[in-house]
Amino acid sequence: MAQTTKSSRSSKDAPVVKAARRAEVRLPSLRAFDGGELVPDGDYDGVEFDGLDLGGMDGGGALFMDCALTGCGLGETRLSRARFVDSVLREPRGVGTDLAEASLRDVEVVDARLGGVQLHGGVLERVVVRGGKIDYLNLRKARLRDVVFEDCVLVEPDFALASLERVAFAGCSVRGADFSGTRMKDVDLRAAGELQITRGIECLAGAVISPEQLMDLAAGFAAQVGVRVAGL
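Before going into details, it helps to say that this report is about the structure given with it.

The rules we used
Residues numbered from 1 in each chain as written. Predicted model: local features only at pLDDT ≥ 70, side-chain atom pairs only at ≥ 80, totals over all residues. Heavy atoms only, no water. Helix = DSSP H or I, 4+ residues; strand = E, 2+ residues; numbered from the N terminus. Buried < 20%, exposed > 50% of the residue type's maximum accessible area, 1.4 Å probe, protein only. Contact = heavy atoms within 4.5 Å. Phe/Tyr/Trp six-rings, centres within 6.5 Å; stacked < 30°, edge-to-face > 60°. Salt bridge = Lys/Arg side-chain N within 4 Å of Asp/Glu carboxyl O.

## Things to note about the environment of Cys 172
Along the polypeptide, Cys 172 turns up in the loop between β12 (163-170) and β13 (173-178). Between the alpha carbons of Cys 172 and Asp 216 there is a distance of 16 Å; along the sequence they are 44 residues apart.

Listed below in structure tokens is the structure:
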């Protein structure tokens, strides 16, 4: 009896979903960027980019380590296959930023104002996206692990064919999301202030939602199993 009681309590006390490990970025003293253009495959270590317009520049394949980008314009900036490590992006802005197949590890993105960000095929590990608004975020075939979207607005984010593990949506609005073919493990959607799923509702296995969200998504779940809902 004692063993049965102990096992029951352990099961009851176990968390419903494993929490994401949050990024904790501690930047060293930084030196100001000396101006000029970003260069492909550049190496930026301990550099601060403050209030610069980097729009249209080509930093593809570059490494940004222990860097801060504050209030920078990133409209149509090419950063495909770039690597951001232990870095902070504060108030980035712009449309059409190309981060295809980029890697972000231990990164904070704060108060972004971005649209049409191409992050398909990217790898995000221990990343926090806090505040701001991102329209049409393309994360197709991306791998997200220990990622937190917090108090932000995501308009029509595309997670199709992506892999999400220990990903949390906390206090944010998710509008028109595409989860088609998404693989999920320990994905916590319960604290999302708004959750609208346009496609891929059948791919929520591995996610946790609240009872209220279940009611909101009930029609979509019913459609997936061929149930018609009609009044008498």
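Following the structure, the description resumes.
## Examining the side chain of Asp 146
As for its position among the elements, Asp 146 is in strand β10 (residues 143-150). A residue is classified by how much of its surface remains accessible, and Asp 146, at 0% relative accessible area, is buried. Beyond its immediate sequence surroundings of up to four residues, Asp 146 is in contact with Ala 19, Ala 20, Arg 21, Glu 125, Arg 126, Val 127, Glu 165 and Arg 166.

## Some words on the packing of aromatic side chains
For the structure shown, the criterion picks out ten aromatic pairs. Here Phe 159 and Phe 179 contribute two aromatic rings whose centre-to-centre distance is 5.2 Å and whose plane-to-plane angle is 20 degrees, an arrangement assigned as stacked. You can see Phe 159 sitting in the loop between β11 (153-155) and β12 and its partner Phe 179 sitting in the loop between β13 and β14 (183-188), a full 20 residues away along the chain. As far as the burial class goes, Phe 159 and Phe 179 line up, both buried. Here the aromatic residues Phe 33, Tyr 44, Phe 49, Phe 64 and Phe 84 are joined through ring pairs into a cluster of three or more.

## Topic: the pattern of salt bridges
Any two side chains of opposite charge can pair, given that their charged atoms come close. By the definition in use, this model includes 16 salt bridges. Close ionic contact of Asp 106 with Arg 126 constitutes a salt bridge, the shortest N to O distance being 2.7 Å. On the criterion of sequence distance, the pair formed by Asp 106 in strand β8 (residues 103-115) and Arg 126 in strand β9 (residues 123-135) is long-range, its members being 20 residues apart. Among the residues examined, Asp 106 registers a relative accessible area of 12% and is labelled buried. Residues joined in a network through salt bridges with shared partners are Arg 21, Asp 146, Glu 165 and Arg 166.

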